[in-house]
Amino acid sequence: MCFSFDVQLWDSNEPVPKVELLRGVAGAHGLICLLSDKIDKEVLDAAGTNLKVISTFSVGFDHLAVDEIKQRGIRVGYTPEVLTDATAELTVALLLATARRLPEAVEEVKNGGWSTWKPLWLCGYGLSGSTVGVVGLGRIGLSIAKRLKPFGVTRFLYTGRQPRPESAAEIQGEYVPLDKLAEESDFVVVSCALTPETQGMCNKDFFAKMKKTAVFVNSSRGAVVNQDDLYTALTSGQIAAAGLDVTVPEPLPTDHPLLTLKNCDEDKDDVGYLSWSVIRSPLAQNHGVRMQPLLMEGDVEEPCAGVRAVELWHSWFSSVRVEKCAQNSQKLQFLCRLAVLWLQAGRTSAVLVLNWQTGFAFILPHIGSATYATRGTMSILVAKNLVAGLKGEGMPSELNL
């Protein structure tokens with residue numbers, strides 16, 4: 001049997017205006033829509049009873065009024081799996097660019113900020129030996145984790161509605177509650193679906209549990225994150241940096257507070273925090289070492305003489321507020337003197353982490369799946385879903401409502 005279709009096309013890269021969508025959908029049997037098209041009750045009413053199939057050019061479907069669509073018996077096709085690899089690749093790129101401060105580095109080359117080699121200039125955070133937490137270990141979350149593993153990640157944590165032992169086995173992942181993931185991860189990657197349960201899930205309580213040196217990355221849906229709370233976490237030094245490929249709204253207004261955030265250059269006066277961790281042999285006896293404020297300005301008290309345990313060192317250093325310590329040489333002297341004191345105390349090794357920033361946000365315009373191959377494959381699948389639905393056949397990828 002031969003089928004023919006009359007096709008009406010909105011021929012523009014810009015989203016179809018709502019008034020044009022309402023006019024164009026009237027009497028249609030099928031509808032192809034994008035993630036930017038809000039298919040709500042008003043659109044469904046305008047379409048009328050002829051509408052039998054919606055084929056969306058996306059894997060997400062939070063732009064669809066699912067309950068209304070289900071009630072009207074309309075079938076929905078979507079594009080899962082097609083964009084998994086592209087989104088995972090982009091997420092890894094976003095994480096690396098954010099953690100290693102690549103946007104800043106490029107800008108410094110362009111604006112003349114690159115003057116000479118400096119020991120601590122544009123230092124970031126590496127993946128080797130780190131703990132990565134994945135919120136949502138679905139197809140994309142697992143693909144992200146598998147791509148990060150060769151970078152030397154030593155531990156993967158994940159959370160979600162339920163454990164995924166088969167997927168987790170591929171990365172030796174550990175299923176944990178969301179709070180524990182926030183507390184123990186050096187990098188937090190959000191790749192979950194947007195649901196009533198996950199909307200606003202990454203909020204001030206979540207960020208308060210994260211490490212001050214942690215990097216937060218979201219490539220799922222913007223509404224999973226409370227952006228006001230994220231901004232506060234970044235400006236207060238609660239977390240080190242954030243990389244976003246999704247926001248609310250999209251596009252993000254150019255005057256949005258998140259777009260005002262910049263990393264603190266090493267040559268500028270600013271406020272930051274020093275955090276540190278150690279790899280140590282068993283605790284030694286009292287070594288009688290007296291600690292000094294060490295080139296710090298502000299209200300910093302000397303700790304007691306005769307430090308007996310690592311915990312006291314940690315308690316002092318994790319609470320130091322560093323103010324207006326502008327010169328690279330001063331910071332380097334501080335680290336050197338600290339290292340000398342550490343060795344004098346009989347410790348065998350130490351890992352120092354300098355978090356000298358008030359927060360940095362690297363934001364992309366929702367390009368997670370933007371490769372030519374992915375877009376081509378999605379187009380074909382969208383068309384096949386639509387045609388199959390109109391013919392009353394099984395769709396290659398139908399959303400189970």
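Residues numbered from 1 in each chain as written. Predicted model: local features only at pLDDT ≥ 70, side-chain atom pairs only at ≥ 80, totals over all residues. Heavy atoms only, no water.

- The name an unreviewed UniProt entry assigns to the protein is GRHPR reductase, from the organism Polyodon spathula.
- Turning to the protein, the UniProt annotation filed under Sequence similarities (unreviewed entry) states: "Belongs to the D-isomer specific 2-hydroxyacid dehydrogenase family." (UniProt positions renumbered as here; feature names shortened; annotations may be inferred.)

### As for the packing of aromatic side chains
Move 1: Enumeration according to the criterion identifies four aromatic pairs in this entry.
Move 2: Taken together through their ring pairs, the aromatic side chains of Phe 206, Phe 207 and Phe 216 make up a single cluster.
Move 3: Positioned over the ring face of Trp 121 is Lys 118, at 5.1 Å from the centre of the ring. (Phe/Tyr/Trp six-rings, centres within 6.5 Å; stacked < 30°, edge-to-face > 60°. Lys NZ or Arg CZ within 6 Å of the ring centre and 35° of its normal.)

### Some thoughts on the sheet that holds strand β5 (residues 155–159)
Move 1: Here seven strands make up an open sheet; going across it, the order is β6-β5-β4-β7-β8-β9-β13 and the pairing parallel. The open sheet has two free edges, formed respectively by β6 (173–175) and β13 (360–363), since each of these has just one partner strand. Averaged over all adjacent pairs, the angle separating strand axes in this sheet is 20°, with direction ignored.
Move 2: Taken together, the four bridges between strand β8 (residues 215–218) and strand β9 (residues 241–244) define a ladder with parallel strand orientation. If you follow Asn 218 over to β9, its bridge partner there is Leu 244.
Move 3: Its contacts with the sheet put helix α10 (residues 227–235) on β8, β9 and β13, and the angle it makes with β9 is roughly 145°. (Pairing = 2+ DSSP bridges. Helix = DSSP H or I, 4+ residues; strand = E, 2+ residues; numbered from the N terminus. Axes fitted to C-alpha atoms, helices over the stretch in contact; angles between N-to-C directions. Contact = heavy atoms within 4.5 Å.)

### Concerning the sheet that holds strand β1 (residues 30–33)
Move 1: Across the sheet, three strands lie side by side as β1-β2-β3; this open sheet has parallel pairing. Two strands in the sheet have a free side with no partner beyond their single neighbour: β1 and β3 (75–77). Strand-to-strand, the axes of this sheet are offset by a mean angle of 15°, without reference to chain direction.
Move 2: Bridge analysis of β1 against strand β2 (residues 53–56) gives four bridges, and the strand direction is parallel. Its bridge partner lying in β2, Cys 33 is registered against Thr 56.
Move 3: Strands β1, β2 and β3 of the sheet are contacted by helix α13 (residues 372–390), whose axis makes an angle of about 170° with β2.

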